[in-house]
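An overview of the molecular structure
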Amino acid sequence: MRRGRLRRRALRHAGGQVEAQRADNRRAARAAEQARVLARRDQEDAGLRARLDVARTLSLQMARDWQPLFADLEALAGKHADVALLSVEPDAARGLLRVTGEAKDLNALFAYAESFADASSLMAPRIEVFEFKQREGMQVVAFSLRLNWRRA
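With the rule as written, the count across this model stands at three aromatic pairs. Summarising the aromatic geometry, the rings of Tyr112 and Phe116 are spaced 5.1 Å apart at their centres and angled 80° between planes, so their arrangement reads as edge-to-face. Here the two residues Tyr112 and Phe116 agree in accessibility, since each one is buried. Measuring from centroid to centroid gives 6.2 Å for Phe130 and Phe132, while their planes differ by 90°, and the two rings are edge-to-face.

Taking burial as the measure, the eight residues of strand S2 (residues 96–103) include seven buried ones, the bulk of the element. Hairpin connection between strand S1 (residues 83–91) and S2: a loop of four residues separates the two successive antiparallel strands, and Gly95 in this loop has a positive phi of roughly 75°. Looking at chain direction, S2 and strand S4 (residues 138–149) are connected through eight bridges and run antiparallel. Residue Leu97 lies in a different strand from S4, and its bridge partner there is Leu147.

This brings us to the pairing of S4. Examined bridge by bridge, strand S3 (residues 122–135) and S4 share eleven bridges and lie antiparallel to one another. Bridge pairing in S4 places Phe130 opposite Phe143. Where S3 folds back onto S4 in an antiparallel hairpin, the turn is made up of two residues, including Glu136, whose phi is positive at roughly 50°.

The next thing to look at is helix H3 (residues 66–79). Along an α-helix, a turn takes 3.6 residues, which lines up residues three or four apart on a common side. For H3, built from 14 residues, the straight-helix expectation of 20 Å at 1.5 Å per residue is met to within 8% by its first-to-last C-alpha distance of 21 Å. Turning to H3, its buried residues are Leu69, Asp72, Leu73 and Leu76. Taken down its axis, H3 places every buried residue within 95° of arc, on the same side. In H3, the exposed positions that point more than 90 degrees away from the buried face belong to Gln67, Glu74 and Gly78. In the core, the buried residues of H3 are packed alongside S1, S2, helix H4 (106–114), S3 and S4.

Definitions and limits used
- Residues numbered from 1 in each chain as written.
- Predicted model: local features only at pLDDT ≥ 70, side-chain atom pairs only at ≥ 80, totals over all residues.
- Heavy atoms only, no water.
- Phe/Tyr/Trp six-rings, centres within 6.5 Å; stacked < 30°, edge-to-face > 60°.
- Buried < 20%, exposed > 50% of the residue type's maximum accessible area, 1.4 Å probe, protein only.
- Helix = DSSP H or I, 4+ residues; strand = E, 2+ residues; numbered from the N terminus.
- Pairing = 2+ DSSP bridges.
- Expected span 1.5 Å × (residues − 1).
- Arc of directions from axis to C-beta.
- Contact = heavy atoms within 4.5 Å.

And the structure:
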């Protein structure tokens, strides 16, 4: 009796594996058919080929993992109360990020830039420009910082 239960269990398991393999085969066949159709269209229509190239480029840009970027920026903002971010300009295609902001003083700016060494998605900070400005009767350092954005 026990042998019969084991045999039935093994048959169910094998049946599940067969069904999973069939599903994988169906997905692969659909993907191959889509690739074949797109390749044929790509060869036939120069305008479509140009649009597909633009779509591929945009797809690569959008495929970047944005969550680690924002997590790093938020974590660093919490550690550097003397720095205020004014804008974040990502260039996903080139893997660059430009951050503009204001710091209490040069030491706060340098500490903020150096803290990117611990960031998981951003590296190689470069202070592009900074200038001293008066804000509400206080002197602040306005800055622009460029970072490399690692691909996830």
